[in-house]
Amino acid sequence: MYSIAVVGATGLVGSTMLELLKKRNIPIEKLTLFSSARSAGKEIIFNDKSYIVEELTESKTQGPFDYVLMSAGGETSLQFSPLFEQQGAIVIDNSSAWRMDPEISLVVPEVNPPSLSRKIIANPNCSTIQSVGPLNILADAYGLKRVAYTTYQSVSGSGWKGIEDLKRGERGEEPVNYPHPIYNNVLPHIDVFQEDGYTKEEVKMIEETRKILQLPSLPVTATCVRVPVTSAHSVAINVTLEKETTSEEIKMLFNENPYVTLEDDPKHDIYPMPVNAGGKEGVFVGRIRKDNSLPNTFHVWTVSDNILKGAALNAIQILEQLITRKENTK
């Protein structure tokens, strides 16, 4: 049994983490819920027990805690994760604060286990998570030469604020979170623009893909787009492989792998869609076909619930991996 803290417990990802802790029967002896001052004092029911959400302060990081699930933004994580770490807790952080730190493991459990060189583990970007799993399968079988992403990211990637903006647009109201209406629109703009014209979200996908796959010189590019969909991200992956193969061989490879679910029967209009992936824990792949404009290059379409596998579920799977490792060393 473990002492676990959830930071950002009232947010979209934090509340989903709590649902998964219950659903997956994580052995919890003590649960502590933290939030910002604005949300402190709220009551949350977990396993038929009432918990009052506390404001996170430095003194409260002393716990003691075994594991901390952190989903409260980069600045909060930079301030508090090292304090939890100093007290002996392992922090699984959902922000971008630590992802590219060379001492910090950036983990998708199906791809790479945490090294624990430090007791902070980073959860990757939601679109990266659903992309590197299929790419890792291809890398193991054929090797990778180049990756190009185009994402179609749902408004829940912005949390409750994004969902509310979509609802505002449906009511004919002006947006609050996005610079333009997202209802009946598409925004080629996620996070802030950099000097070279890429957005920070695009840079995240590029750098995180290289780090997770341990291919630091892999050519990767990305265009990240927000679409008026409530839940589940879609990513069009264009990938050039080192070894020759065919679309049918790639489909067979995916079909045999438990990490992904193949939905690829275009004659019967079967392919992954957000409307079907929302609320499900898997990564769905389809529309697999050869890119006739480049040698040994293929298109792969992937869809996954960004709040589940793209955030909360990936963090809980890391936690399960750590608990299993600890139990096996007893």
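This is a predicted model, so every value here is computed, not measured. (Residues numbered from 1 in each chain as written. Predicted model: local features only at pLDDT ≥ 70, side-chain atom pairs only at ≥ 80, totals over all residues. Heavy atoms only, no water.)

> I'd like a description of the packing of aromatic side chains, backed by residues and values.
Applying the stated criterion to the full structure yields six aromatic pairs. Taken together, a centroid distance of 6.1 Å and an interplanar angle of 80 degrees make the contact between Phe 34 and Phe 65 edge-to-face. Residue Phe 34 is found in strand β2 (residues 28-35), and its partner Phe 65 is found in the loop between β5 (54-55) and β6 (67-70); the two are separated by 31 residues along the sequence. Accessibility assignment for this pair places Phe 34 and Phe 65 in one class, buried. Taking 6.4 Å as the distance between ring centres and 70 degrees as the angle between the ring planes, the aromatic pair formed by Phe 46 and Tyr 51 counts as edge-to-face. The residues Phe 46 and Tyr 51 share a single accessibility class, namely buried. Following the ring pairs from residue to residue traces out a cluster consisting of Phe 34, Phe 65 and Phe 84. (Phe/Tyr/Trp six-rings, centres within 6.5 Å; stacked < 30°, edge-to-face > 60°. Helix = DSSP H or I, 4+ residues; strand = E, 2+ residues; numbered from the N terminus. Buried < 20%, exposed > 50% of the residue type's maximum accessible area, 1.4 Å probe, protein only.)

> Break down the domain arrangement of the protein chain for me, citing the residues and quoting the values.
For the protein chain, the domain assignment lists domain 1 (2-123 + 311-329) and domain 2 (127-154 + 186-304). The gap between the C-alpha centroids of domain 1 and domain 2 is 27 Å. Each partner contributes to the interface: domain 1 provides 17 residues, whereas domain 2 provides 12 residues. The junction of domain 1 with domain 2 conceals about 1300 Å² of combined surface from both sides, 65% of it contributed by carbon and sulfur atoms. On the domain 1 side of the interface with domain 2, the three residues burying the most area are Met 100, Leu 106 and Val 111, jointly 38% of the side's total. Where domain 1 meets domain 2, there are three salt bridges. Residues Glu 281 and Lys 23 are paired through a salt bridge, measuring 3.0 Å at the closest nitrogen-oxygen approach. (Domains from an automatic or database assignment. Contact = heavy atoms within 4.5 Å. Buried area = accessible area lost by both parts, 1.4 Å probe. Salt bridge = Lys/Arg side-chain N within 4 Å of Asp/Glu carboxyl O.)

> Pulling in residues and values, what's your account of unusual backbone geometry?
Gly 63 connects to Pro 64 through a cis peptide bond whose omega is 10 degrees. Summarising the element assignment, Pro 64 is placed in the loop between β5 and β6. The phi dihedral of Arg 287 is positive, around 50 degrees, even though this residue is not glycine. In this model, Asn 296 sits at a positive phi of 50 degrees, which is unusual for a non-glycine residue. Following the sequence through the fold, Asn 296 ends up in the loop between β14 (283-290) and β15 (297-304).

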